[in-house]
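Geometric and topological summary
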Amino acid sequence: MASKWYQFWRDHGCFVADPQSAKPPYSIVIPPPNVTGVLTLGHVLNNTLQDILARLARMQGKEVLWLPGTDHAGIATQSVVERTLRKQGVIKHRDDLGREKFLEQVWEWKEKHGGIIIQQLKKLGCSCDWTRERFTLDPQYSDCVQRVFVDLYRKGLIYRGKRMVNWDPAARTALSDEEVIMTEEKGHLWHIQYPCLGDNGQPLPGQFVIVATTRPETMLGDEAIAVNPKDERYQKLVGRQVWLPLRNKPIPVIADELVDPKFGTGCVKVTPAHDPADYEMALRHHLPFTVVIGPNGHMTNEGGADFAGLDRMEARQAVVEKLEALHYLVKIEDYVHNVGYSERSHVPIEPYLSEQWFLKYPSVEVSTQAVEKGDIKFHPERWAKTYGHWMHQLKDWCISRQLWWGHRIPVWYRKDKNGDGSHPDARSPQTASGSPQPGQDVWCDLLPPPDPENWTQDTDVLDTWFSSWLWPFATLGWPEPNPTLHKFYPTADLVTGPDIIFFWVARMIMAGYEYMGQKPFGNVYFTGIIRDKQGRKMSKSLGNSPDPLDLIAQFGADALRFGIMRSAPLGQDLLFDDQQVELGRNFCNKLWNACRFRQMQSGETEDEINPALLTNDDKWILLRLDAAIREITTALAEYHFSEAAQVIYRFFWSEYCDWYIESSKATLNGADAAQKANTLAVIDFVLSHTLRLFHPFLPFISEELWQGMGFNQELPENQGGQTIMYAHWPKPFDEAFLTNYGLDASVDRLISEKHELIGQGRNLRRENSIASNKKVKFIFKPVAAWADREAEVLKLLLNAEPLVIDAQFTPQKGTPTVRSPLGDLFLPLEGLIDVDAEKARLTKELAKTATEIERSEQRLNNPAFTQKAPPAVLEDHRKRLAEWQEKQQRVQAALEALNR
RNA sequence: GCGCGGUUAGCUCAGUGGAAGAGCACUACCUUGACACGGUAGGGGUCACAGGUUCAAGCCCUGUAUCGCGCACCA
């Protein structure tokens, strides 16, 4: 059924956005998933939300563009392909193939596996405009990326320099600060003593400086010991030298403010090439940068022959053993500290000195203000603070990656100037005049230099986020002015996870202002993160992430969507459980069967509801429908998706099915043809509205029923005739409608009382152990005239046979009784009554009324309350007290009757 | 260390100052002509704790505890 309708929608171009349309625009760009990725529950949550927004907007008469696509996910994709080729024995390392051949392999992989996730999104029912699908490595898109690079370079915002960066030794590339995950870890603090040297360069017996370190292997690259200049303990030492064990060379003791005298021994070892803080210190004190850990995470020759080639973790062990053997190791303490891990490779990050490209963020001020002032709204709002905090302490973004898969940096270096392979520091901005000038040594432009044989291109590619931050406009045909860009930028809503607020959201805002002069989106809805039942993040290694396609196969796409929506709290993490999907499945089943019930009814149908023939139940369900329309519409406008789903559930199951359908059977099983036809008209009215309200959540089943029930038949093609997708979103009833059909609040009250009476009557059966399928005699003594149809309803819902309406009835002593504002209901059971049980029931009831009355009276007797509370509230409480008192009397009377 | 969240029924969560709610689970009964992926009735909560504001607090304020998440160059 699902694939049939999906194909139907696509065949009829229902998802395609028309930039020429006169309708107001509504647009969303999808957060592009990794092209070689597969669908996760996170995607399900995220894309269901977008689909709901898109489908709602269409029904509300907007011209909708939901633009889909994927990103190339540099590191992830490249390492997957490389690993696969290695496993197949094709290569040992990508160098074996070379850049060009390797990239061919990646493209091949992308053609084969890319787009799986796109197919999965289709299974989920996503109404994306597939004619506009984009990929971040599409030629036009790549052109945008280069254009932006060149522009920022010329503006002096992009520069190249040798810096200490976060190095991923597994992927062998630099990362941005955002890609480092700090993890608290149990480690050790190794205390190492360095012998002090006298003026003659010889060790002073018994004199040592003790330093504490979490990374003993880096001591091989130490170039100094640092102390705080104000630290009196060590002032004598400053300017002298100490002996670096294992490397056997003297290093100076320097004074630097950075050292905290209160921490550890107050002495710090300084490893300029392997620690960001030490790097800064080394610059200040002109220390050499000795690289002892190479880009692959193994020790270099610089660290000494004993350790060269060892992995950094092996080296740690070896260094500690050696230090211990030579009595340089003083003690080892347990220590909890933070270790940075690569977000991608999950290996510890290595601070590494290398030549990289950096970006000073553009349009920072306007982007910060946009969120602060509410021009861009975050939902939930609290994320605005996280955003603001980050924006106020921006550090330059390391945008170069030592990968092959991605956008290659459009910079060329003149060969003869750099024969040794090192490049000039391009840190200083180019002249702002535009194109590269003849005679330059660095060429940065969209096109390669005219004499390529004299140049070599920079080998690095750009961070994937450096392409995706352009997504909201680069996908719409920028930089060429065109109708799509004009109509749909800025986009309306963005739906994404708070985990990429810095990676993506913030950067898109800056790019939007810098290149479009306008915000990229008006609202950002941040979803929660999906976790398993135990609250753990979904992960491949834990294997706790169910495959959404399995869930779809088992329960259906609508069920998955609804189950997730109903339980996804606003901005809160979501603990996923199959039961939620099961609930969705059950709901779809209920909807299906309720419609089947309608179809099984024979007889004439009226198109128009005749107000004169409306029963109170009819009026009631229309009022409840009106409430549901209001609540769902409001909830969706406020991005309260789970609330909307809950209203859908409540209205349809608890109100329509549980009460209205059951009551309507009194009419439908009766003989009054006109009445029957009118009730069917009400049912059709309610169902046709219900299906439309449900459509954004349950696209497939709502379409199936919409057409199957024939609700499309008399509607214009483009307003629901062809598909429910374009049926009008229900509007709350207006005054004229309410008046015409006699819908007022008194109906609500009357029906509530009736439901209450029926509930209590059923309870009587239960208390007296009468099986629910057993027909039993009830007598109802109404306070006012009681219509025949209402008698039928009572009879049906109480499963009474017979139901006697007797306004004069006097019960025998001990007859179980419900006393209600509508009248008294008796369950006459000759000689069968358990008087004690009945007494117990009524006594309990009486106790409850007493408690309530006491509470109410207490409040109403408080002069402070009666004086200060608003009149409406006061009136409410008075009414409530009266109701409880009335009930108390009724129960009291019943109890007394038992005692007579 | 700073910041942001959470703490309500056995579980997952709603509840944005005026009678403690839903789904699941649980108990009992019921295969009755839409639905057992169902129906009916029921049991179950000192709203983390302590103060405060208010006529009125799950909700507002101040602390505390606890769990989680960010940010931060303490070796």
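About the thresholds
Residues numbered from 1 in each chain as written. Chains lettered and ligands numbered in written order. Predicted model: local features only at pLDDT ≥ 70, side-chain atom pairs only at ≥ 80, totals over all residues. Heavy atoms only, no water. Core = buried A, V, L, I, M, F, W, Y, C linked by side-chain atoms within 4.5 Å. Buried < 20%, exposed > 50% of the residue type's maximum accessible area, 1.4 Å probe, protein only. Helix = DSSP H or I, 4+ residues; strand = E, 2+ residues; numbered from the N terminus. Contact = heavy atoms within 4.5 Å. Pairing = 2+ DSSP bridges. Axes fitted to C-alpha atoms, helices over the stretch in contact; angles between N-to-C directions. Salt bridge = Lys/Arg side-chain N within 4 Å of Asp/Glu carboxyl O. Right-handed = clockwise from strand over helix to strand, strands pointing away. Phe/Tyr/Trp six-rings, centres within 6.5 Å; stacked < 30°, edge-to-face > 60°. Lys NZ or Arg CZ within 6 Å of the ring centre and 35° of its normal.

**Quick notes on the nonpolar core**
A general trend in soluble globular proteins is that nonpolar side chains are found buried together. Core analysis: the biggest nonpolar cluster contains 190 residues, and F149, F378, F466 and Y656 have the highest contact counts within it. For this core, the element with the most residues is helix α19 (residues 641-668), which contributes 15 residues. Beyond its immediate chain neighbours, meaning those up to four positions away, F378 contacts V371, W383, A384, Y387, I501, V505, I509, V524 and F526. Counting residues in hydrophobic clusters, the runner-up holds 28 residues, among them I192, V209, V227 and A315.

**Quick look at the sheet that holds strand β18 (residues 411-414)**
Taking strand neighbours across the sheet as the criterion, the three strands line up as β19-β18-β20 in an open arrangement whose pairing is antiparallel. A strand with exactly one partner marks an edge of an open sheet, and here the two such strands are β19 (442-444) and β20 (455-457). Pairwise comparison of adjacent strand axes, ignoring direction, gives a mean angle of 25 degrees for this sheet. With three bridges joining them, β18 and β20 adopt antiparallel strand pairing. Looking at the pairing, W412 lines up with Q457 of β20. Packing against the sheet, helix α6 (residues 139-154) makes contact with β18 and β19, and its axis sits at approximately 130 degrees to β19.

**A look at the pattern of salt bridges**
Per the counting criterion, the structure on display carries 45 salt bridges. A salt bridge links D51 to R55, with the nearest nitrogen and oxygen atoms 2.8 Å apart. Of this pair, D51 and R55 both sit in helix α2 (residues 41-59), four residues apart, roughly one helical turn. On the accessibility criterion, R55 (1% relative accessible area) is buried. Put simply, R160 and D458 hold a salt bridge, and the shortest N to O gap is 3.8 Å. Here D458 lies in the loop between β20 and β21 (461-462) and R160 lies in strand β5 (residues 158-168), a separation of 298 residues in the sequence. You'll find R160 and D458 in the same group, each marked buried. Via salt bridges that share partners, R215, E217, R312, R316 and E350 belong to a single interconnected network.

**Let's talk about the pairing of strand β14 (residues 350-359)**
A large share of β14 lies buried, amounting to nine of its 10 residues. Both β5 and β14 contribute to a ladder of 10 bridges, which runs antiparallel. Following the sheet pairing, M164 is matched in β14 by L353. Pairing of β14 with strand β16 (residues 397-398) involves two bridges; the strand directions are antiparallel. Bridge pairing in β16 links L359 to W397.

**Observations regarding the pairing of strand β27 (residues 800-805)**
Pairing of strand β26 (residues 776-782) with β27 involves four bridges; the strand directions are parallel. Bridging across to β27, V776 finds its partner in A800. With helix α24 (residues 788-798) bridging β26 and the parallel β27, this β-α-β connection has right-handed handedness.

**Some points on the packing of aromatic side chains**
Applying the stated criterion to the full structure yields 52 aromatic pairs. Every member of this aromatic cluster is reached through a ring pair, and the members are F149, Y153, W357, Y361, W390, W397, F466, W469 and F502. The ring centre of W404 lies 5.1 Å from the NZ or CZ of R94, which sits over that ring. Across the ring face of F358, the terminal group of R163 is positioned such that the distance to the ring centre comes to 5.8 Å.

Everything listed here is a matter of coordinates, which is why it stays silent on function.
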